[in-house]
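Coordinates in review
Single-letter residue listing:
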Amino acid sequence: TTLKEWPLTEGLYPKSMLVDAIYDELPSDLPSALLDDIRDLTETTQHSGNFSRIDYRIDRRLRALQLEIAQNAKSPFLVEYLHRLSDVQNITTIIRRKMHELGRDGLTDALLNAGTLDHTFLEKAHDSGWESMVTAFKPTEYSQMVADALAQVEQQNFLAILDACGSQYLIEFLQRA
């Protein structure tokens, strides 16, 4: 029986059967490591019901694959850009989590395993106060980006400002390259 032949009656088939039909029976050009992650995540989340970390794991795997492709292509510029992009994403992640008072639970899972900033440094910055966070980033490439963003932390549209500061940093990096 193919997926198209199944009647779409709610609850008639278990979720695992639908997932199997979608992922296991269809050919895919996705890298096997990513397919393994998808299958593992599907299995894990079906039993636990905790879907919150799916995006994190897939994002981490995709970034690792992007870096592998850039390294195999012998493109130091692209490798450097992906590290900077990862740093910006990790910085905005810790700031967003801090703003929403999400605490340490799941922080490590949310951070990409790429970039120039150590996870321990990012975790300490997350745990610090807003002013201490600005100070912590002073010796890094991201000092101005963090300072500009956190100067606006009280604004209603802070998350948009944070994203704009990250984008501005990446644009300036590309212009310098």
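Now for a description of the structure that goes with this document. Starting afresh in each chain, residues are numbered from 1 along the sequence in its written order. Residue-level local features of this predicted model are given only where pLDDT is at least 70; pairs of side-chain atoms are given and counted only at 80 or more, and the full residue set underlies all totals for whole chains, interfaces and linings. No hydrogens and no water enter the side-chain calculation; it runs on all heavy atoms of the structure.

A few words on the overall build of the chain. Scanning the chain from N- to C-terminus turns up 9 helices and 0 strands. Order of helices (α) and strands (β) in the chain, N terminus to C terminus: α-α-α-α-α-α-α-α-α. Accessible surface, the chain: about 11100 Å² in total, of which carbon and sulfur atoms supply 52%. In this text, helices come from DSSP runs of H or I with a minimum length of four residues, and strands from runs of E with a minimum of two, each type numbered from the N-terminal end. Residue-level accessible areas treat just the shown protein chains as cover; the underlying method is Shrake-Rupley with a 1.4 Å probe.

Bringing the nonpolar core into the picture now. Of all hydrophobic cores here, the largest spans 25 residues; its most connected members are Ile91, Ile94, Ile95, Phe137 and Tyr142. Put simply, the parts of the chain that give this core at least two residues each are helix H4 (76-99), helix H6 (119-127), helix H7 (130-137), helix H8 (143-150) and helix H9 (158-176). At 7 residues, the largest contribution of residues to this core is made by H9. Not counting the four nearest positions on each side in its chain, Phe137 is found in contact with Ile91, Ile94, Leu117, Phe121, Leu122, Ala125, Tyr142, Ser143 and Val146. Each nonpolar core is a collection of buried residues, namely Ala, Val, Leu, Ile, Met, Phe, Trp, Tyr and Cys, held together in the definition by side-chain atoms within 4.5 Å. Here's how the labels work: a residue is buried when its accessible area is under 20% of the maximum for its type, exposed when over 50%, partly exposed in between, all with a 1.4 Å probe on protein chains only. Core analysis: the second largest hydrophobic core is formed by 5 residues, Leu67, Ala70, Val79 and Leu82 among them. By the convention used here, residues are in contact when the closest approach between their heavy atoms is within 4.5 Å.

Another aspect to go through is H8. Taken together, the buried positions of H8 are occupied by Ser143, Met145, Val146, Ala149 and Leu150. Here the buried face of H8 lies against H4, H7 and H9.

What follows concerns the pattern of salt bridges. Salt bridge criterion: a side-chain nitrogen from Lys or Arg within 4 Å of a carboxyl oxygen from Asp or Glu. In the structure shown here, the tally under the stated rule is 5 salt bridges. In this structure, Arg84 engages Glu141 in a salt bridge whose closest nitrogen and oxygen atoms are separated by 3.2 Å. With Arg84 in helix H4 and Glu141 in the loop between H7 and H8, this pair connects stretches of sequence that are 57 residues apart. A relative accessible area of 49% places Glu141 in the partly exposed class. The partner of Glu123 in a salt bridge is Arg104, with the nearest N and O atoms 3.9 Å apart. Within this pair, whereas Glu123 is found in helix H6, its partner Arg104 is found in the loop between H4 and helix H5 (107-110), the two being separated by 19 residues in sequence.

On the surface, Phe77, Leu78 and Leu174 cluster together into a nonpolar patch covering about 250 Å² of accessible area. Looking at where Leu78 falls in the secondary structure, it is placed in helix H4. Judged by relative accessible area, Leu78 falls into the partly exposed class, the value being 34%. Patch membership needs two things, relative accessible area over 30% and no salt bridge, and members are linked within 9 Å if like-charged or within 5 Å if nonpolar (Val, Leu, Ile, Met, Phe, Trp, Tyr).

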